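Close look at the chain arrangement
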Amino acid sequence: AQKITQTQPGMFVQEKEAVTLDCTYDTSDQSYGLFWYKQPSSGEMIFLIYQGSYDEQNATEGRYSLNFQKARKSANLVISASQLGDSAMYFCAMRGFSYNTDKLIFGTGTRLQVFP
Amino acid sequence: EAQVTQNPRYLITVTGKKLTVTCSQNMNHEYMSWYRQDPGLGLRQIYYSMNVEVTDKGDVPEGYKVSRKEKRNFPLILESPSPNQTSLYFCASSLSLASNTGELFFGEGSRLTVL
(Lines give C-alpha, C1' and ligand atoms only; values in the text may rest on other atoms or scores of the structure.)
Protein backbone atom coordinates (compact mmCIF):
# COMPACT_ATOMS: atom_id res chain seq x y z
CA ALA A 1 0.00 0.00 0.00
CA GLN A 2 1.11 3.54 -0.69
CA LYS A 3 1.64 6.00 2.11
CA ILE A 4 2.79 9.61 2.43
CA THR A 5 3.89 11.03 5.78
CA GLN A 6 4.36 14.68 6.64
CA THR A 7 5.41 14.88 10.28
CA GLN A 8 5.42 18.67 10.66
CA PRO A 9 1.90 20.04 11.19
CA GLY A 10 3.30 23.58 11.28
CA MET A 11 6.53 25.43 10.57
CA PHE A 12 7.70 28.99 11.10
CA VAL A 13 10.41 30.72 9.12
CA GLN A 14 11.67 34.26 8.95
CA GLU A 15 11.48 36.12 5.68
CA LYS A 16 14.52 35.58 3.40
CA GLU A 17 15.54 32.43 5.24
CA ALA A 18 15.42 28.93 3.76
CA VAL A 19 13.04 26.27 5.10
CA THR A 20 12.75 22.51 4.59
CA LEU A 21 9.41 20.73 4.68
CA ASP A 22 9.69 17.02 5.32
CA CYS A 23 8.01 14.22 3.39
CA THR A 24 8.56 10.49 3.53
CA TYR A 25 6.78 7.90 1.44
CA ASP A 26 6.26 4.21 1.10
CA THR A 27 5.36 2.30 -2.04
CA SER A 28 5.94 -1.02 -3.69
CA ASP A 29 5.71 0.49 -7.17
CA GLN A 30 8.93 0.58 -9.17
CA SER A 31 7.84 3.68 -11.06
CA TYR A 32 6.33 6.63 -9.25
CA GLY A 33 6.28 10.38 -9.13
CA LEU A 34 6.51 12.76 -6.20
CA PHE A 35 4.84 16.16 -6.13
CA TRP A 36 4.51 19.18 -3.92
CA TYR A 37 1.45 21.41 -3.94
CA LYS A 38 0.79 24.72 -2.23
CA GLN A 39 -2.62 25.70 -0.90
CA PRO A 40 -2.92 29.35 0.12
CA SER A 41 -5.73 30.57 2.32
CA SER A 42 -7.86 31.17 -0.79
CA GLY A 43 -8.07 27.39 -1.18
CA GLU A 44 -6.78 26.62 -4.65
CA MET A 45 -4.19 23.91 -5.19
CA ILE A 46 -1.02 25.13 -6.88
CA PHE A 47 1.50 22.70 -8.36
CA LEU A 48 5.07 23.49 -7.31
CA ILE A 49 7.48 20.75 -8.30
CA TYR A 50 7.77 17.16 -9.53
CA GLN A 51 10.37 14.41 -9.10
CA GLY A 52 10.28 11.11 -10.97
CA SER A 53 11.52 7.98 -9.26
CA TYR A 54 14.12 7.41 -11.97
CA ASP A 55 15.36 11.00 -12.09
CA GLU A 56 18.93 11.11 -10.88
CA GLN A 57 19.07 14.82 -10.25
CA ASN A 58 17.00 16.68 -7.71
CA ALA A 59 14.25 18.76 -9.27
CA THR A 60 14.38 22.54 -9.01
CA GLU A 61 11.82 25.19 -9.92
CA GLY A 62 12.91 28.72 -9.10
CA ARG A 63 13.09 29.02 -5.31
CA TYR A 64 11.78 25.49 -4.84
CA SER A 65 13.94 22.40 -4.84
CA LEU A 66 13.13 18.82 -4.00
CA ASN A 67 15.70 16.93 -1.94
CA PHE A 68 15.08 13.38 -3.21
CA GLN A 69 16.72 10.56 -1.28
CA LYS A 70 15.40 7.36 -2.80
CA ALA A 71 17.05 4.93 -0.40
CA ARG A 72 15.57 6.79 2.55
CA LYS A 73 12.25 7.26 0.74
CA SER A 74 12.21 10.95 1.42
CA ALA A 75 11.24 13.87 -0.80
CA ASN A 76 11.71 17.05 1.19
CA LEU A 77 10.78 20.45 -0.22
CA VAL A 78 13.30 23.23 0.23
CA ILE A 79 12.12 26.81 -0.17
CA SER A 80 14.96 29.28 -0.42
CA ALA A 81 14.69 32.98 0.40
CA SER A 82 11.22 32.70 1.94
CA GLN A 83 8.68 35.40 1.17
CA LEU A 84 5.57 36.45 3.06
CA GLY A 85 3.52 35.09 0.18
CA ASP A 86 4.89 31.61 0.86
CA SER A 87 2.66 31.37 3.94
CA ALA A 88 0.30 28.52 3.04
CA MET A 89 -0.44 24.85 3.48
CA TYR A 90 1.97 22.54 1.64
CA PHE A 91 1.10 19.02 0.57
CA CYS A 92 3.43 16.26 -0.53
CA ALA A 93 1.90 13.73 -2.92
CA MET A 94 2.89 10.52 -4.65
CA ARG A 95 1.59 8.90 -7.80
CA GLY A 96 2.35 5.23 -8.25
CA PHE A 97 1.76 3.70 -11.63
CA SER A 98 1.37 0.00 -12.12
CA TYR A 99 -0.41 -2.10 -14.71
CA ASN A 100 -3.98 -1.48 -13.71
CA THR A 101 -3.92 1.18 -11.01
CA ASP A 102 -2.96 4.83 -10.96
CA LYS A 103 -3.48 6.23 -7.49
CA LEU A 104 -2.27 9.63 -6.42
CA ILE A 105 -2.24 10.16 -2.66
CA PHE A 106 -1.47 13.13 -0.45
CA GLY A 107 0.06 13.67 2.95
CA THR A 108 -1.72 15.52 5.73
CA GLY A 109 0.10 18.76 4.97
CA THR A 110 2.38 21.26 6.69
CA ARG A 111 1.24 24.79 7.43
CA LEU A 112 4.08 27.22 6.80
CA GLN A 113 4.06 30.68 8.36
CA VAL A 114 6.59 33.23 7.13
CA PHE A 115 7.15 36.18 9.46
CA PRO A 116 8.90 39.49 8.76
CA GLU B 1 -8.03 28.59 -21.08
CA ALA B 2 -7.08 25.17 -19.75
CA GLN B 3 -9.16 24.45 -16.69
CA VAL B 4 -11.06 22.07 -14.49
CA THR B 5 -14.53 23.33 -13.64
CA GLN B 6 -16.56 22.15 -10.67
CA ASN B 7 -20.15 22.98 -9.81
CA PRO B 8 -21.56 23.93 -7.45
CA ARG B 9 -18.81 25.75 -5.58
CA TYR B 10 -20.89 25.91 -2.41
CA LEU B 11 -23.83 23.78 -1.36
CA ILE B 12 -25.82 23.29 1.81
CA THR B 13 -28.13 20.31 1.76
CA VAL B 14 -29.96 17.97 4.12
CA THR B 15 -29.36 14.37 5.02
CA GLY B 16 -30.61 11.95 2.40
CA LYS B 17 -31.18 14.38 -0.45
CA LYS B 18 -29.30 13.09 -3.49
CA LEU B 19 -26.85 15.48 -5.04
CA THR B 20 -24.33 15.56 -7.87
CA VAL B 21 -21.18 17.62 -8.08
CA THR B 22 -20.14 18.06 -11.68
CA CYS B 23 -16.57 18.19 -12.94
CA SER B 24 -15.45 19.02 -16.44
CA GLN B 25 -11.99 19.48 -17.97
CA ASN B 26 -11.03 20.88 -21.35
CA MET B 27 -7.49 19.51 -21.60
CA ASN B 28 -8.30 16.09 -23.09
CA HIS B 29 -6.88 14.42 -20.00
CA GLU B 30 -7.27 10.67 -19.60
CA TYR B 31 -7.04 10.70 -15.81
CA MET B 32 -9.59 12.29 -13.49
CA SER B 33 -10.01 12.01 -9.76
CA TRP B 34 -12.06 13.22 -6.81
CA TYR B 35 -10.64 14.14 -3.41
CA ARG B 36 -12.10 15.33 -0.16
CA GLN B 37 -10.16 17.60 2.16
CA ASP B 38 -10.76 17.59 5.89
CA PRO B 39 -8.75 19.38 8.61
CA GLY B 40 -5.80 17.32 9.81
CA LEU B 41 -6.41 14.60 7.22
CA GLY B 42 -5.09 16.22 4.06
CA LEU B 43 -6.63 15.24 0.75
CA ARG B 44 -8.04 11.76 0.50
CA GLN B 45 -8.84 10.13 -2.81
CA ILE B 46 -12.45 9.08 -3.27
CA TYR B 47 -12.52 7.68 -6.79
CA TYR B 48 -10.39 7.97 -9.88
CA SER B 49 -10.73 7.18 -13.55
CA MET B 50 -7.92 6.20 -15.88
CA ASN B 51 -10.05 6.70 -18.97
CA VAL B 52 -13.61 6.59 -20.30
CA GLU B 53 -15.67 3.83 -18.70
CA VAL B 54 -12.78 2.95 -16.35
CA THR B 55 -13.24 3.93 -12.70
CA ASP B 56 -11.71 2.64 -9.50
CA LYS B 57 -12.01 3.22 -5.78
CA GLY B 58 -9.63 5.43 -3.91
CA ASP B 59 -9.13 5.35 -0.17
CA VAL B 60 -12.54 6.66 0.94
CA PRO B 61 -15.19 5.59 -1.61
CA GLU B 62 -18.02 4.74 0.80
CA GLY B 63 -21.13 6.80 0.19
CA TYR B 64 -20.03 8.04 -3.23
CA LYS B 65 -20.55 7.02 -6.84
CA VAL B 66 -18.92 8.23 -10.03
CA SER B 67 -19.27 7.71 -13.74
CA ARG B 68 -17.06 8.43 -16.75
CA LYS B 69 -19.20 8.29 -19.84
CA GLU B 70 -17.26 11.03 -21.61
CA LYS B 71 -13.60 11.91 -21.40
CA ARG B 72 -14.21 15.48 -20.23
CA ASN B 73 -16.74 14.82 -17.46
CA PHE B 74 -16.45 13.01 -14.14
CA PRO B 75 -19.43 13.70 -11.85
CA LEU B 76 -19.43 12.79 -8.17
CA ILE B 77 -22.76 11.48 -6.89
CA LEU B 78 -23.86 11.36 -3.28
CA GLU B 79 -26.95 9.14 -3.33
CA SER B 80 -27.90 9.72 0.32
CA PRO B 81 -25.63 12.37 1.85
CA SER B 82 -24.86 12.24 5.55
CA PRO B 83 -23.29 14.87 7.86
CA ASN B 84 -19.93 13.06 7.80
CA GLN B 85 -19.71 13.92 4.10
CA THR B 86 -19.49 17.61 4.95
CA SER B 87 -16.17 18.53 3.40
CA LEU B 88 -14.27 20.42 0.75
CA TYR B 89 -14.22 18.44 -2.48
CA PHE B 90 -11.69 18.76 -5.27
CA CYS B 91 -11.83 17.37 -8.77
CA ALA B 92 -8.53 17.00 -10.61
CA SER B 93 -7.30 15.77 -13.96
CA SER B 94 -4.04 14.91 -15.67
CA LEU B 95 -2.51 13.14 -18.58
CA SER B 96 -1.67 9.54 -17.86
CA LEU B 97 1.57 9.07 -15.97
CA ALA B 98 2.96 7.05 -18.85
CA SER B 99 2.88 10.10 -21.11
CA ASN B 100 3.82 12.90 -18.77
CA THR B 101 4.94 13.86 -15.31
CA GLY B 102 1.36 13.27 -14.28
CA GLU B 103 0.87 16.67 -12.70
CA LEU B 104 -2.67 17.07 -11.44
CA PHE B 105 -4.70 20.11 -12.43
CA PHE B 106 -7.27 20.98 -9.79
CA GLY B 107 -10.67 22.55 -9.87
CA GLU B 108 -11.42 25.38 -7.45
CA GLY B 109 -13.12 23.11 -4.95
CA SER B 110 -16.72 22.55 -3.85
CA ARG B 111 -17.61 23.16 -0.24
CA LEU B 112 -20.44 20.87 0.79
CA THR B 113 -22.36 21.03 4.04
CA VAL B 114 -24.83 18.29 4.94
CA LEU B 115 -27.22 19.16 7.77
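Residues numbered from 1 in each chain as written. Chains lettered and ligands numbered in written order. Predicted model: local features only at pLDDT ≥ 70, side-chain atom pairs only at ≥ 80, totals over all residues. Heavy atoms only, no water.

**Examining the pairing of strand E12 (residues 110-115) of chain A**
Residue and element names in this part refer to chain A. Taking every second residue as pointing to the same face, the buried face of E12 carries Thr110, Leu112 and Val114, while none of Arg111, Gln113 and Phe115 on the other face is buried. Of the pairings in the sheet, the one linking strand E2 (residues 10-14) to E12 comprises 5 bridges and is parallel in character. Bridging from a neighbouring strand, phenylalanine 12 pairs with glutamine 113 of E12. Bridge analysis of strand E10 (residues 88-97) against E12 gives 3 bridges, and the strand direction is antiparallel. The residue of E12 that forms the bridge with alanine 88 is leucine 112. (Buried < 20%, exposed > 50% of the residue type's maximum accessible area, 1.4 Å probe, protein only. Helix = DSSP H or I, 4+ residues; strand = E, 2+ residues; numbered from the N terminus. Pairing = 2+ DSSP bridges.)

**Thoughts on the interface of chain B and chain A**
Counting from both sides, the interface comprises 26 residues of chain B and, opposite them, 19 residues of chain A. Across the chain B-chain A interface, the total number found is 1 salt bridge. Linking lysine 103 of chain A and aspartate 59 of chain B is a salt bridge whose minimum nitrogen-to-oxygen distance equals 3.0 Å. Of all the elements in the fold, those that place two or more residues in the side of chain B that touches chain A are strand E4 (31-38), strand E5 (42-51), strand E6 (54-57) and strand E9 (87-94) of chain B. Here the side of chain B that touches chain A is built from residues that sort into 13 nonpolar, 9 polar and 4 charged. (Contact = heavy atoms within 4.5 Å. Salt bridge = Lys/Arg side-chain N within 4 Å of Asp/Glu carboxyl O. Nonpolar A, V, L, I, M, F, W, Y, C, P; charged D, E, K, R; others polar.)

**Quick look at the sheet that holds strand E8 (residues 76-78) of chain B**
All names here are of chain B. Taken together, the 4 strands give an open sheet; going across it, the order is E1-E3-E8-E7, and neighbouring strands pair in antiparallel fashion. Strands with a single pairing partner mark the edges of an open sheet, and in this sheet they are strand E1 (4-7) and strand E7 (65-66). Pairing analysis gives 2 bridges linking E7 to E8, with the strands arranged antiparallel. Counterpart to valine 66 in the pairing with E8 is leucine 76.

**Quick word on the pattern of salt bridges**
Residue and element names in this part refer to chain B. Here the structure, examined in full by the defined rule, presents 8 salt bridges over all chains. Residues arginine 9 and glutamate 108 are paired through a salt bridge, measuring 3.3 Å at the closest nitrogen-oxygen approach. Within this pair, whereas arginine 9 is found in the loop between E1 and strand E2 (10-13), its partner glutamate 108 is found in the loop between strand E10 (105-106) and strand E11 (110-114), the two being separated by 99 residues in sequence. Using a relative accessible area of 30% as the deciding quantity, one classes arginine 9 as partly exposed. For glutamate 79, the salt bridge is made with lysine 18, and the minimal N-O distance between the two is 3.9 Å.

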